[in-house]
Structure formats: C-alpha cells, structure tokens
Amino acid sequence: MNSSLSPRLWHALSEHYQKISPLHMRDLFHSDPQRFEKFSICWGDFLFDYSKNRITEETLSLLLQAVTEVDLPGYIEKMFSGERINFTENRPVLHVALRNRSDRPIYVDGKDVMADVKRVLEKMKNFAEAVRSKRWKGYSGKPIKDIVNIGIGGSDLGPRMVTHALKPYGHKELNVHFVSNVDGTDIAEVLKAIELDSTLFIISSKTFTTKETLTNAHTVRKRLIDYFGDPKAIEKHVVAISTNEKAVKDFGISPENMFEFWDWVGGRYSLWSAIGLSIVLYIGMDQFEELLYGAYLVDEHFRNSPLEKNIPVIMGLLGFWYGNFFGAQTYGIFPYDQYLELFPVYLQQLDMESNGKRIRRNGTVVTYTTGPILWGNPCTNGQHSFFQLLHQGTHLIPSDFIAPIQTHNPIGNHHLILLSNFFAQTEALMKGKTEQEAKEEMQKAKMNPETIEKLLPHRTFPGNRPSNSFLIQKITPRTLGSLIAFYEHKIFVEGLLWDINSFDQWGVELGKQLATRVEEELTAGSLLYEHDASTKGLIEFYLKQSK
Ligand code: F6P
C-alpha cells in the first residue's frame, strides 16, 4: 500500500480484518452488554449509534491510530485557519468561515474574511426581507410569489435539498423552484407553472461560465424582455450570485443585484454562502442563521472533541474500514423522513465529487480504493425496492439510517410505523435469520417438512450487515445544518486517509471540453473533428435523422 499510512498500520489493520471478518455482530452484542453504550455518541439533539458495525474496541483503537498518523488534528487546523489545502487550485477551503458564529477572525492572505461574510449576509437579509414583506415589486408592480433558482451542481443541489427539507419553515405565500438541466424541458415546465409578473429569478453560478446555467439564464432574460418589452425589467426580476463580478455585469445584472462569494468556497460546500439566497428567501434570515449555527456547532465539535468521541471522525473511519478492508464499493443513505428525500442526491455530489479521485497528493496513482459510490432513497419506500439486495444479496453495503424522533406531521400512527421500520431494518440487517429460526417459523406455520426443507435456504438471512443510525430530535434548520456538516467533515477525514485532494473537481472537465467541440459540429451540421467510430457514427446518425 502506498498511502500516507505507515506500512506497519496497514499491515496491522489487514491482520485485524482477518480476525474480525468471520465474527458475527450477533455474537459481539451477546458477549458485550455494554456494546451500545461503548459505540454510540449522544450529541445535542443527535444520537449517533454505530454499534451495529463490524468492529471491536481493538478495531477502533487501530483506526484511531490512522487519523493520528495522517495528522488529522493538524489538517483540521489548517482548514480552519485558511491554509491553501486545496493545493491543485491553490485555494483555502473555508466554508467553515461562512458559518463561523463566534468572534474568531479567519484570515486569508492576512485579511480577516469575516467582515465580507457578514456584509453579504446583511445584504441577503435586507433583500429577503423586502421580498418576503412584499416591498420588492416586479416590473408591473406585483409582489413576488415564485422564486426560481437557476444553477447546477453545488449551485443547485444544496439550496434545493435544504428548501425541500425545511418546507415546514417556508413562507406560506412563496414557492421555490429549481432549474438545473440544460434540457429545455426543465425551464419550460417551470415557466409554465409561474407568472413572470410575480417571479424572481436567481442566477446562481460560482464561475458564471457554466454552460447549463448561462443557457437557462439567457432563455429567461429573453423571455422577460419579450414579455415586458423593456430590458429594464431585468432589474426587478433577476439577481445573480457569483464570485465573477465582471461576467455578471456583462450579462446585464447590476452590482446592487449581485450577491458575492469567494473562490475559497467550493461549489458543493456553498449552500452556506450567498448560494443559499433561495433558502433565505424561503425560510427567512433567522432560520437561515439557525442552519448556519447548527453547522457551526459541528465545526466546534469536529475541532475540539476527542477523536474517539468525534462523530465525523468515527463516520470517516468506518467508511475507510469498509471500503479498504471489506472491499465495500457502495454506501447507502436511507432517510426515514420524507422531507429529507433529496438528502442522498445532495450527498452524491458532496461525497463523489470530493472523494472520487485516484491521484495522491504527491501525484502518484493510489493503489487502494477511494470514495464509494453513494446512493439511497427515503424509506420505507427503499425497503420495497432495493432492500432485498441489502438483506440477501452478495454485496456488503454499509449504510446510514437517519430519522427524526418527532415528525412535523403527526397524523395518526404514521410516525410510529415509520420508526418501527427504521429500528427493525437495522436490527434485521445486523441479526439476519438463522436456519434454526427460519425452520421454527415455518414449523409454527404448519408447513410440511418437505416444503420446509426446500424453502429453508431461501428464507434464511446471513445478517452481519453494518449500519449507522442517526436519531435526531426533529428536523429543524439547526439540526439539518448539523447533519450536513457531519457529512462534510466525514468526507474531509476520508480524503485525508486516502491522501487525496477532496476539494478540486478536474474530473468533470473532459466531458465539458468535448461537449463544446461537438456543439460546434451539431451547429455546423457536419463533423469537424476526429472521433472514434462509435461517437462518429452516433453524431452522423443524429445529423441525418434530425434534418
Ligand atoms: O460539476 C462541476 C462544477 O464545477 C461543480 O463543482 C459546481 O458545483 C458546478 O459545476 C456548478 O458550477 P458553477 O457554480 O460555477 O456554475
């Protein structure tokens, strides 16, 4: 192994894996009545239970040596103090500054960035208040009823997920919509659902060069000018969020209608910045500050808690343990809360764009597995589609189960049934069902011995499938902020263990470059560049059939 971990520790972990892998969690629970207390952490409104994992105290102590070897505490301080840890883009990584609710200054190149952060928050607050109180009027004098965020990736997924998750806190007379895809259907369907007189468009793009976003933005600009017959209407209906002031101006949006952020905020870590404007408009600044505060509390927990009581550290170590020793390739995220429906999709970008890397910090290729394929869906829906594979398939899929104790919609016994499923699924995954249990069950049901014998292998469950459980008092702006920050820091821990840069995303560039060339060809109606036979054949077929 060529990681930054010492060969001694890799070896010790590999040896230890040989010892742990044949053990069943049933037996581990049986032999240690304190297992739940040992492997769970109560923190604020959260209970994080990681006792249903294939670990012992020795596993944890070996894994904790790993974060010490890679100097996690040192790297946490590097991040929080504005060092340029995103070295391939020569940038600090300071989403933590956006939610720094203390008086602590955070410096970039000798300048405290907190003054700028506060200034933009104030501007967002004033603007949101004007819109929410109907003081801000559209070109024809109507107040705003619909907000449309146009952005993609990090300029879409964070605000989209948060506004969905915090619907109970949303302004009752405002609707938020999100347009991300360059597929004209996306913008067309939203334009059908709104009235331009009472709609505010937010063009969200860190770079303000992203093709999808600018294409949608130009469509909207044209639609507004055609409708109102006056380019001045843009001022009343379009605002921009970006780090690129010049491009925003060139697009025709004045600086008063621009909300800035900075290149030290990564796209997928940007919902805490002005990119969160749609969130502020929808839930108000007080609640947005609660979201920031929730994340800030986790930042403090991450910086100051001992490693063995540190939730993101434990989460990261478990991801490393399964990915690098058990060979787990995917990771499941199962929220038992309909409002968290978009959480898995949001986490896909956060995790896979961050840790989908194969080059170490010293430029060599890794010889081990890095970021997992992350996937998931809200439950109980997932239980009736892919859970069969989790229980009896051949893949080991470590998973996170997330549920609120209190629901925003206490209707009958719905929540009790939901939570019964939450508890039962992690138990079933862990325990499984032995042949003996399956046999007894069928005997009780008075099945004949022949049928029992035939069905027995099909009706047994191996169990020993790991999961973490997050029980959260209630999904509020504060707890949601904390939940997101737990995952952000988990990803940081894993990236460090894998010795990769979690903060760049060069991998998305190649597709973008090639799309630009193909666009030229489709516009010209003929091939202009060399392609492989398949791509050439596809383009030629399209050109012929679309005439
Ligand atoms: O997919 C690449 C990416 O750069 C993401 O990292 C980013 O969130 C997204 O595109 C959108 O970028 P921008 O905010 O600059 O439009």
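Residues numbered from 1 in each chain as written. Predicted model: local features only at pLDDT ≥ 70, side-chain atom pairs only at ≥ 80, totals over all residues. Heavy atoms only, no water.

Draft legend 1. Examining the side chain of Thr-479 more closely. Within the secondary structure, Thr-479 sits in helix 21 (residues 477-497). For Thr-479, a relative accessible area of 4% gives the class buried. Within polar-contact distance, the side chain of Thr-479 engages the backbone oxygen of Lys-474 at 2.7 Å. In this structure, Thr-479 is in contact with Asp-45, Phe-46, Ile-472 and Lys-474, ignoring residues within four places of it in sequence. (Helix = DSSP H or I, 4+ residues; strand = E, 2+ residues; numbered from the N terminus. Buried < 20%, exposed > 50% of the residue type's maximum accessible area, 1.4 Å probe, protein only. Polar contact = N/O pair within 3.5 Å; in protein donor to acceptor, adjacent residues only side chain to side chain. Contact = heavy atoms within 4.5 Å.)

Draft legend 2. Inspection of the sheet that holds strand 8 (residues 238-242) at higher detail. The strand order across the open sheet built from 5 strands is 6-5-7-8-9, with neighbouring strands paired in parallel fashion. Across the chains shown, the open sheet's two edge strands, defined by having one partner strand only, are strand 6 (175-179) and strand 9 (258-260). Strand after strand, the sheet turns through a mean of 20° between neighbouring axes, direction not considered. By the bridge criterion, 4 bridges tie strand 7 (residues 199-204) to strand 8 in an arrangement that is parallel. Opposite Ile-202, over in strand 8, you have Val-239 as the bridge partner. Against the sheet, helix 10 (residues 211-228) makes contact with strand 5 (146-150), strand 6, strand 7 and strand 8, and its axis sits at roughly 150° relative to strand 7, the strand it touches most. (Pairing = 2+ DSSP bridges. Axes fitted to C-alpha atoms, helices over the stretch in contact; angles between N-to-C directions.)

Draft legend 3. Expanded view of the pattern of salt bridges. Enumeration over the complete set of coordinates arrives at 34 salt bridges. Among the ionic pairs, Glu-290 bridges to Arg-478, the shortest N-O distance being 3.1 Å. Taken together, the residues Glu-290 in helix 14 (residues 285-304) and Arg-478 in helix 21 connect sequence positions 188 residues apart. We classify Arg-478 as partly exposed; its relative accessible area is 32%. Shared partners join several salt bridges into a network, and the residues in it are Lys-111, Asp-116, Arg-119 and Glu-260. (Salt bridge = Lys/Arg side-chain N within 4 Å of Asp/Glu carboxyl O.)

Draft legend 4. Inspection of the layout of surface pockets at higher detail. As a volume, the largest pocket reaches approximately 1100 Å³. Elements with a minimum of two residues in the lining of the largest pocket: helix 10, helix 16 (343-355) and helix 22 (509-524). Top element by residues in the lining of the largest pocket is helix 22. It accounts for 5 residues. Estimated volume of the second largest pocket: approximately 340 Å³. In terms of lining residues, the second largest pocket is bounded by 14 residues, among which Gln-338, Thr-407, His-414, His-415 and Leu-418 are the most central. Sort the elements by how many residues they give to the lining of the second largest pocket and helix 18 (residues 414-431) lands first, with 3 residues. (1 Å grid on protein atoms, 1.4 Å probe; cavity = no way out; pocket = protein on both sides within 12 Å on 5 of 7 lines; lining within 4 Å. Points joined across faces, edges and corners; volume = space filled by probe spheres on them.)

Draft legend 5. Examining helix 9 (residues 184-193) more closely. Of all the residues in helix 9, the buried ones are Ile-187, Val-190 and Leu-191. With its buried residues spanning 100° around the axis, helix 9 presents them on a single face. Pointing more than 90 degrees away from the buried face of helix 9 are the exposed residues Lys-192 and Ala-193. Buried residues belonging to helix 9 abut strand 5, strand 6, strand 7 and helix 10. (Arc of directions from axis to C-beta.)

Draft legend 6. Fine view of the packing of helix 5 (residues 72-80) against helix 21. Closest axis-to-axis distance for the helix 5/helix 21 pair is 11 Å, and the angle between their directions is 125°. Looking at the two axes, helix 5 sits oblique to helix 21. Seen along the crossing, helix 5 lies across helix 21 with a hand that is right-handed. Of the residues in helix 21, those in contact with Leu-72, Tyr-75, Ile-76 and Met-79 of helix 5 are His-489, Phe-492, Val-493 and Leu-496. For the contact of helix 5 with helix 21, the residue count by class is 7 nonpolar, 1 polar and no charged. (Parallel < 35°, antiparallel > 145°, perpendicular 65-115°, else oblique. Left-handed = near helix turned anticlockwise from the far one by under 90°. Nonpolar A, V, L, I, M, F, W, Y, C, P; charged D, E, K, R; others polar.)

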